[in-house]
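Reading the structure
Residue strings, one per chain:
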Amino acid sequence: MIRIHKLSSITRRSQSNPFRNLSILRERSSKRNSRTMAPPILSLALPSETGRVLSIQSHTVQGYVGNKSAVFPLQLLGYDVDPIMSVQFSNHTGYPTFKGQVLNGKQLWELIEGLEANNLLYYTHLLTGYIGSVSFLSTVLEVVSKLRSINPALTYVCDPVMGDEGKLYVPPELVSVYREKVVPVASMLTPNQFEAEQLTGFRIASEQDGREACRHLHAAGPSKVVITSICIDGNLLLIGSHQKEKGQSPVQFKIVIPKIPAYFTGTGDLMTALLLGWSNKYPNNLDKAAELAVSSLQAVLSRTLKDYEEAGYDPQTSSLEIRLIQSQDDIRNPEVKYTSHLYD
């Protein structure tokens, strides 16, 4: 749930009538007694250029990680977002102590059943982040299947949060579930370097290794892969890869990212949300979407660092909570300062 500064789609064919299944939902609803019918959901009734996102991630009362880091930016980009909390904690686990609750797979499915019972289960996107148990992750797979039975064009953006810097912070058995069951059904995958190594089974020590890891993951399922942070020879890179048609060579690119000398939380969750938001707006230009996402993220982190320093805090002594509310313009209309470089 805590991510170090990791940098860290509804398809065009469905945009012509992305809510084509609503007639089925209305038909089901009309069979109910009118006194028990739910009010209309405008985000379902009025098609948009963005969509409706179901975001299943962690939640903290204080601070910006998980859904607290992802929902607001997506809303700024025009998306309707319904959050489900995989855990609810007082604060993130980097503090000396925390308290709260952990949702299990049965409880997750009860929420899905409640939405379905009221014809509220039409989504254009599913976004998942930190998940702490095999039971919950297995139920997420059932959610993917259920959502695609209602909207076959559903885009599933998966941040396979497992660890960083050589260390797992989820149960080891989750790795095989992600590798064997989740990756094949994902539309976009956003691992960091360590997570990409766990999913592919080989070490990433060069840019070529990163590109090969992306190709390996394409073969398993997702058409878009973004390894959000790779440290090569002291340089921080993002490597993206878009396989537009199965069997074709993917379009691959890198973005060189300056390191910011501080430790941040919630950056991976923010990065994946931004990649979802911008890649949906630029479905055939993952490199453009990544440029916008990285530029927004770096602006947020720079503002965060500046604000902590102005408040008299030493950024080297503790993790920093990202300043989302103060960075609305940087999220909605980022100045593109970090450009992609296409590989041959």
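The structure we're discussing is the one just above.
Here's what I pulled together on the structure shown here. (Residues numbered from 1 in each chain as written. Predicted model: local features only at pLDDT ≥ 70, side-chain atom pairs only at ≥ 80, totals over all residues. Heavy atoms only, no water.)

Another aspect to go through is the side chain of His125. Summarising the element assignment, His125 is placed in strand β4 (residues 125–128). Engagement of the side chain of His125 in a polar contact is seen with the side chain of Thr124, the distance being 2.8 Å. Within the structure, His125 has its side chain in polar contact with the side chain of Asn280 (distance 3.4 Å). (Helix = DSSP H or I, 4+ residues; strand = E, 2+ residues; numbered from the N terminus. Polar contact = N/O pair within 3.5 Å; in protein donor to acceptor, adjacent residues only side chain to side chain.)

The final tally for this structure, using the stated rule, is 8 salt bridges. Taking the shortest distance from any N to any O, the salt bridge between Asp330 and Arg303 comes out at 3.8 Å. With Asp330 in helix α12 (residues 328–332) and Arg303 in helix α11 (residues 286–310), this residue pair connects regions lying 27 residues apart in the sequence. A relative accessible area of 33% means that Arg303 is categorised as partly exposed. A salt bridge links Glu310 to Lys306; the shortest N-O distance between them is 2.7 Å. Of this pair, Glu310 and Lys306 both sit in helix α11, separated by 4 residues, roughly a single helical turn. What makes Glu310 exposed here is its relative accessible area of 58%. (Salt bridge = Lys/Arg side-chain N within 4 Å of Asp/Glu carboxyl O. Buried < 20%, exposed > 50% of the residue type's maximum accessible area, 1.4 Å probe, protein only.)

You can see Val87 is positioned in strand β2 (residues 80–89). A relative accessible area of 4% places Val87 in the buried class. Considering only alpha carbons, one finds Val87 and Asn104, 17 residues apart in sequence, at a separation of 8.9 Å.

Below, the discussion takes up the environment of Thr272. In this structure, Thr272 sits in helix α10 (residues 267–281). Assessed through its relative accessible area of 2%, Thr272 is described here as buried. Thr272 sits 83 residues away from Leu189 along the chain, and the two C-alpha atoms are 8.9 Å apart. Setting aside residues no more than four positions away along its own chain, Thr272 makes contact with Leu127, Val157, Asp159 and Thr190. (Contact = heavy atoms within 4.5 Å.)

All right, on to the sheet that holds strand β10 (residues 235–242) then. One open sheet holds the 10 strands; their spatial order is β3-β2-β1-β4-β5-β8-β9-β10-β11-β14, and the pairing between them is mixed. Among the strands making up the open sheet, the edge pair consists of β3 (100–102) and β14 (341–342). Across 3 bridges, the pairing between β2 and β3 is antiparallel. Residue Gln88 lies in a different strand from β3, and its bridge partner there is Gln101. (Pairing = 2+ DSSP bridges.)

Turning our attention to the nonpolar core. In summary, soluble globular proteins display a tendency toward joint burial of nonpolar side chains. Grouped together as the largest cluster of nonpolar side chains are 49 residues, with contacts concentrated most on Leu54 and Tyr178. Of the residues forming this core, the biggest block, 8 residues, is contributed by helix α6 (residues 134–150). Excluding its chain neighbours within four sequence positions, the residues that come into contact with Leu54 are Asp82, Ile84, Ile112, Tyr123, His125, Leu126, Leu127, Val143 and Leu147. Counting residues in each nonpolar core, the second largest holds 43 residues, with Tyr79, Val300, Leu305 and Leu324 among its members. (Core = buried A, V, L, I, M, F, W, Y, C linked by side-chain atoms within 4.5 Å.)

What follows is about the packing of aromatic side chains. Counted by the stated rule, this structure contains 3 aromatic pairs. Relative to Phe98, the ring of Phe89 lies with its centre 4.7 Å away and its plane at 50°, an arrangement referred to as tilted. Between the NZ or CZ atom of Lys68 and the centre of the ring of Tyr64, over which it lies, the distance is 5.3 Å. (Phe/Tyr/Trp six-rings, centres within 6.5 Å; stacked < 30°, edge-to-face > 60°. Lys NZ or Arg CZ within 6 Å of the ring centre and 35° of its normal.)

Here the focus is α10. Along an α-helix, residues three or four apart share an orientation, since each turn contains 3.6 residues. Given a rise of 1.5 Å per residue, 15 residues ought to cover 21 Å, and the 21 Å separating the end C-alpha atoms of α10 matches this to within 8%. Counting buried positions over the 15 residues of α10 gives 14, a clear majority of the element. (Expected span 1.5 Å × (residues − 1).)

Moving on to unusual backbone geometry. Positive phi outside glycine occurs at Asn119, with the angle close to 60°. Within the secondary structure, Asn119 sits in the loop between α5 (105–117) and β4. Residue Asp233 is not a glycine yet carries a positive backbone phi of 50°. Looking at where Asp233 falls in the secondary structure, it is placed in the loop between β9 (224–232) and β10.

Any link to function would need more than the numbers given here.
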